[in-house]
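Chain by chain, the residues:
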Amino acid sequence: MSNSMKYAVALAAAMSLTAVSAEAQSGNINAKATVLAPITIAQGAELDFGNVLPGVNKSVAAASGATAGRFDLTGVTGANVNVSFTLPANLASGANTLPIGSWDGCHNTIANQAGCTGFTPSAGTTSANFVAGALYVYVGGTVSPAGLQPAGLYQANVTLNAAYF
Amino acid sequence: MPRCVTFLLFTACLLARPLAGQTQVSGVRDLSFGIVIAGVPATVAPGDPVKSGQFYLRYVTGGRARVRLTLPATLNRVGGGGTMPISFRNGDAFVLGTAPGSVPSSFNPGGLLNYRFTGSADANIYLGGRVTPAAATASGNYTAPVVLTATFF
Amino acid sequence: MIAPHAIYIDHRTRSTSITLYNPGATSVEIAIASIFAYPVTDSVGQLTLFTPDSLDASMPSAAGWIEAFPKRMLIAPLQRQTVRLLARPPQGLPDGEYWARLVVSAKGGAAPAGEADSDGISIGFNIEIRSILPLTYRKGALKTGLGVSDITSTTAGDSLMVSAKLTRQGTAAYIGTAKGTLLGPDGKAAASFEEPIAVYYEVEPTFALGTAALPAGPYRLRLEFLSERPDISPELLLRAPPLRDSVEVRLP
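Since this is a predicted model, take the numbers as computed values, not measurements. (Residues numbered from 1 in each chain as written. Chains lettered and ligands numbered in written order. Predicted model: local features only at pLDDT ≥ 70, side-chain atom pairs only at ≥ 80, totals over all residues. Heavy atoms only, no water.)

1. Considerations on the overall build of chain C
Right, so step 1: When you go through chain C residue by residue, the secondary structure sums to 0 helices and 19 strands.
Right, so step 2: Split into buried and exposed, the 252 residues of chain C put 50% on the buried side.
Right, so step 3: The contacts in chain C between residues at least 6 apart in sequence include a share of 69% that link residues at least 24 apart.
Right, so step 4: When the 23 basic and 25 acidic side-chain charges of chain C are each reduced to a single mean position, those positions are 9 Å apart. (Helix = DSSP H or I, 4+ residues; strand = E, 2+ residues; numbered from the N terminus. Buried < 20%, exposed > 50% of the residue type's maximum accessible area, 1.4 Å probe, protein only. Contact = heavy atoms within 4.5 Å. Lys, Arg positive; Asp, Glu negative; His and termini not counted. Charge placed at Lys NZ, Arg CZ, Asp CG, Glu CD.)

2. Here we look at the overall build of chain B
Right, so step 1: The helix and strand tally for chain B stands at 1 helix and 13 strands.
Right, so step 2: Beginning at the N terminus, the succession of helices and strands in chain B can be written as α-β-β-β-β-β-β-β-β-β-β-β-β-β.
Right, so step 3: The 153 residues of chain B split such that 44% are buried.

3. Digging into the packing of aromatic side chains
All names here are of chain C.
Right, so step 1: With the rule as written, the count across this model stands at 19 aromatic pairs over all chains.
Right, so step 2: Taken together, a centroid distance of 4.6 Å and an interplanar angle of 70° make the contact between W99 and Y200 edge-to-face. On the criterion of sequence distance, the pair formed by W99 in strand β10 (residues 96-107) and Y200 in the loop between β15 (189-199) and β16 (202-203) is long-range, its members being 101 residues apart.
Right, so step 3: Here the aromatic cluster, defined as three or more aromatic residues joined through ring pairs, consists of F36, Y38, F50, W99, Y200 and Y201.
Right, so step 4: For K71, the ring lying beneath its charged end belongs to F69, and the centroid distance is 5.7 Å. (Phe/Tyr/Trp six-rings, centres within 6.5 Å; stacked < 30°, edge-to-face > 60°. Lys NZ or Arg CZ within 6 Å of the ring centre and 35° of its normal.)

4. Considering the sheet that holds strand β14 (residues 174-183) of chain C
All names here are of chain C.
Right, so step 1: With antiparallel pairing, the 4 strands of this open sheet are ordered in space as β15-β14-β18-β19. Here the strands that pair on one side only, and so sit at the sheet edges, are β15 and β19 (243-251). Across this sheet, the average inter-strand angle for adjacent strands is 20°, counted without regard to direction.
Right, so step 2: Looking at chain direction, β14 and strand β18 (residues 217-226) are connected through 7 bridges and run antiparallel. Of the residues in β18, the one forming a bridge with A178 is F225. (Pairing = 2+ DSSP bridges. Axes fitted to C-alpha atoms, helices over the stretch in contact; angles between N-to-C directions.)

5. With respect to the domain arrangement of chain C
Residues and elements named next belong to chain C.
Right, so step 1: Domain annotation of chain C identifies domain 1 (2-139) and domain 2 (144-251).
Right, so step 2: Taking the mean C-alpha position of each, domain 1 and domain 2 sit 29 Å from one another.
Right, so step 3: Taken together, the 16 residues of domain 1 in the interface contact 18 residues of domain 2.
Right, so step 4: Interface area, domain 1 with domain 2, both sides summed: about 1400 Å², of which 58% is carbon and sulfur. (Domains from an automatic or database assignment. Buried area = accessible area lost by both parts, 1.4 Å probe.)

6. Brief notes about the sheet that holds strand β9 (residues 80-87) of chain C
Adjacent strands of a sheet pair through backbone hydrogen bonds, lying either parallel or antiparallel.
All names here are of chain C.
Right, so step 1: With respect to topology, 4 strands assemble into an open sheet ordered β1-β3-β9-β7, the strand pairing being antiparallel. The outermost strands of the open sheet, each flanked by one partner alone, are β1 (2-3) and β7 (66-69).
Right, so step 2: Here β1 runs beside strand β3 (residues 15-21); their pairing, made up of 2 bridges, is antiparallel. Bridging across to β3, I2 finds its partner in L20.

7. Some thoughts on the pattern of salt bridges
If charged atoms from side chains of opposite charge come close, those side chains can pair.
Residue and element names in this part refer to chain C.
Right, so step 1: Counting across every chain of the model gives 13 salt bridges over all chains.
Right, so step 2: We note a salt bridge from K165 to D150, for which the minimum N-O separation is 3.7 Å. Of this pair, K165 sits in strand β13 (residues 159-170) while D150 sits in strand β12 (residues 144-156), placing them 15 residues apart in sequence.
Right, so step 3: Look at K165 and you get partly exposed, because its relative accessible area is 23%.
Right, so step 4: R220 is the salt-bridge partner of E248, the closest N and O atoms lying 2.0 Å from each other. Of this pair, E248 sits in strand β19 while R220 sits in strand β18, placing them 28 residues apart in sequence.
Right, so step 5: Here the salt bridges share partners, and the residues they tie into one network are E67, K71 and R88. (Salt bridge = Lys/Arg side-chain N within 4 Å of Asp/Glu carboxyl O.)

8. Considerations on unusual backbone geometry
Residue and element names in this part refer to chain C.
Right, so step 1: The omega angle of the peptide bond from A3 to P4 is -5°, so this bond is cis rather than trans.
Right, so step 2: Tracing the backbone shows P4 in the loop between β1 and β2 (7-10).
Right, so step 3: Positive phi, close to 60°, is recorded for L78, a residue that is not glycine.
Right, so step 4: Of note, L78 is situated in the loop between β8 (72-75) and β9.
Right, so step 5: The exposed category is assigned to L78, whose relative accessible area is 54%.
Right, so step 6: At D150, a position not held by glycine, the phi torsion is positive, near 50°.
Right, so step 7: Residue D150 is classed as partly exposed on the basis of its relative accessible area of 44%.

9. Notes on the side chain of H107 of chain A
Residue and element names in this part refer to chain A.
Right, so step 1: Position of H107 relative to the elements: it lies in strand β7 (residues 96-108).
Right, so step 2: When its relative accessible area of 12% is taken as the criterion, H107 is described as buried.
Right, so step 3: Non-local contacts of H107, meaning those with residues more than four positions away in its chain, are made with C116, T117, F119, T126, S127, A128, L135, Y136 and V137.

10. Quick notes on the confidence of the model for chain B
Right, so step 1: Here chain B shows a mean pLDDT of 88. Residues at 70 or above account for 86%.
Right, so step 2: In the predicted structure, residues 7-16 of chain B sits below a pLDDT of 50 and forms 18 contacts with residues beyond four places in sequence or in another chain. (pLDDT = per-residue confidence, 0-100.)

11. Details of the pairing of strand β6 (residues 74-77) of chain B
Walk down a regular strand and you will see the side chains alternate between the two sheet faces.
Residues and elements named next belong to chain B.
Right, so step 1: As paired strands, β6 and strand β7 (residues 83-87) are joined by 3 bridges and run antiparallel to one another. If you follow T74 over to β7, its bridge partner there is P85.
Right, so step 2: What sits between β6 and β7 in their antiparallel hairpin is a turn of 5 residues, with G79 showing a positive phi close to 90°.
Right, so step 3: Where β6 and strand β13 (residues 140-152) come together, 2 bridges link them in antiparallel fashion.

12. Examining the interface of chain C and chain A
Right, so step 1: Each side of the interface is counted separately: chain C has 39 residues, and chain A has 50 residues.
Right, so step 2: For the pair chain C and chain A, the summed buried surface comes to about 3700 Å²; carbon and sulfur atoms form 60% of the total.
Right, so step 3: Together, I121, I123 and F125 of chain C form the three largest contributors to the area buried by chain C at its contact with chain A, with a combined 20%.
Right, so step 4: Joining chain C to chain A, the criterion identifies 0 salt bridges.
Right, so step 5: In this structure, the connection of chain C to chain A is made through 23 residue pairs in polar contact (both at pLDDT 80 or more).
Right, so step 6: Those elements giving two or more residues to the side of chain C that touches chain A turn out to be β1, β6 (47-50), β11 (121-139) and β15 of chain C.
Right, so step 7: The element best represented in the side of chain C that touches chain A is β11 of chain C, accounting for 14 residues.
Right, so step 8: Here the residues of the side of chain C that touches chain A sort into 20 nonpolar, 10 polar and 9 charged. (Polar contact = N/O pair within 3.5 Å; in protein donor to acceptor, adjacent residues only side chain to side chain. Nonpolar A, V, L, I, M, F, W, Y, C, P; charged D, E, K, R; others polar.)

Quick look at the structure:
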C-alpha cells in the first residue's frame, strides 16, 4: 500500500469515528395555558337548629352560634361584592308550617365569627369587600314552633345571591 | 491522489455525517393546557390527541438518535406580571415510530432518550405535563418554550 | 368555582365559554340565566347592582340574546363543565358595548336535616347559591376613559375614607383599578389601598385607608386610576391613559 493510500485509509477511519457524534438538530414548541381567576361560593357550614321542641323558640346567633350557617366566598382582593338572601318566613312539613321568627347575619374576611360585621339578611343587599380575597358570611335565625307543633322534618329554600363587579 | 483514495474519502464523508435533508427535527403541536382555573392544577396526558405537545423526527431506518428535551420550570405571563409552575414526570412523554405496528415507548422527558428508528425513518414524540397555578395567579396567557435537541448517529 | 368571573364576547365571534368546577364532595345542579343590570354606588359609596324594572331601547342590554349551552347540568364532585355562551344579537345592531349579568345558580344535594329523632321536630334548608357575573358584548371599535372629580376625604374611626366621582367617558365601560397612597411629610407611603373598579356610567365609590397608627398632621393623598386588572386578561380590557391626582389631607 502506498503512503498516500495508507494516509487516506487512516483519514477515512478517523472520519468514520467522528460520525458517532455526528449532528444535532433542534425543534421548538411552546407550552401554554390561559389562566382565569375564578370566583367560588360554597356552603361552609349548615345552619343547624338541632333539637327543636314544640312551644320553645330556638335561636342560633350568626355572630356567635356554633351551629350558624356559613357561606364561603372568594373573589379578587379588594373587590366589592353584593350579598343578598331570599329567605322564607316559614318552614314546611307537608301541610304543616313552622314560623321563622327572624334572621340575622354577619360577615367577616376571615373564617371566624369574632369581630364580624352584622347585617340583616332579610333586609336587602349587603355590600362587602374581599379584603384578602375571601369573605365569610354567617347566617342565623330564630324558629318559633307552636305549642302543638307536629313532629316532622320541616324544610324551606334559602337562596344566596352574590353579585360580582 | 489516486482515484481509489478520493473514493475512500468520499465514502468516509458519507458515513461520517447524515446527508443534508436526511435528518429533521420539528415542532408540530404546542403543549396546550387550554383554560386553567387559578388554584386548580391541570394535567395534559401525553396521549391527549389535541392538547399534548408533539415533535417530529426523521433520520434513516435503523439509525439512532439521542433526544434531550429542555423543559421549562415555569410558564410566563404574556405581557409580564406573573409566572406559573409547570412540571413533568416520568411517563409524561412517549416516542412512537410511524411503521405499522409501532408501539409507543414512554420515557421521562427530563432525561435522555436513546431511540433507534426501527421499521421506519421517522417518529413522533408526544409530551404531556401539569401546571399548578396558585390561587392568586394573575389572569392571562402564559407560555414558555420547550426545545427538543436530537443528536443523530 | 366559576371562571372567568368577567365574561367578554366579541361581535366577530359571538361566542365564548365559561368553565364551572365542582370542588365539593357532592354533585351540584346548575342553571344559567341572564339579566340586565349594571353597577352604581349606594349612599355609602359601595358598589351595588342596579336592575331596571323594565327595559327600554336606550338601555344597552344583551340579556335577551345571550344563550347558554347547556342551560342546566349536573356537575359531579371534582368535575368540570364547559358552558358555551352564544350571542344572537338583533340584525343591524349598532356598534357599541352591550351588558348583561350572567346568573349561575347552584343547588346542592338533598336538604340537610337536624338531629331530632323521628318523634321530634327537625329542620333542613335547601340551599341555592346564585353567582351574578358581568357579561360584556362588544361590537366595533370602542373607547373608554375616566373623568375624576369631587375628591373628598373624611376620617372615620381609624380610617381615612376617600371618595371621588368617577364618570365614564367614551363608548364603553371603564374597567380598571383604583390605587391610593397616603404620603407622610417625609414623602414615604404611610397607607395605601388598591381596589378594582367598574364604571358603567357614573359612580362615587368610597375607599378606606387604615390610619390607626399614623400620627396627626398633614399628608398628601395620591390617587391613581389604571385601566388594568390582575383578574382580567389584558387583551380583554380597553385601554385608557392612566389618571393621577393628589390632594392634601390632615389626620387628626
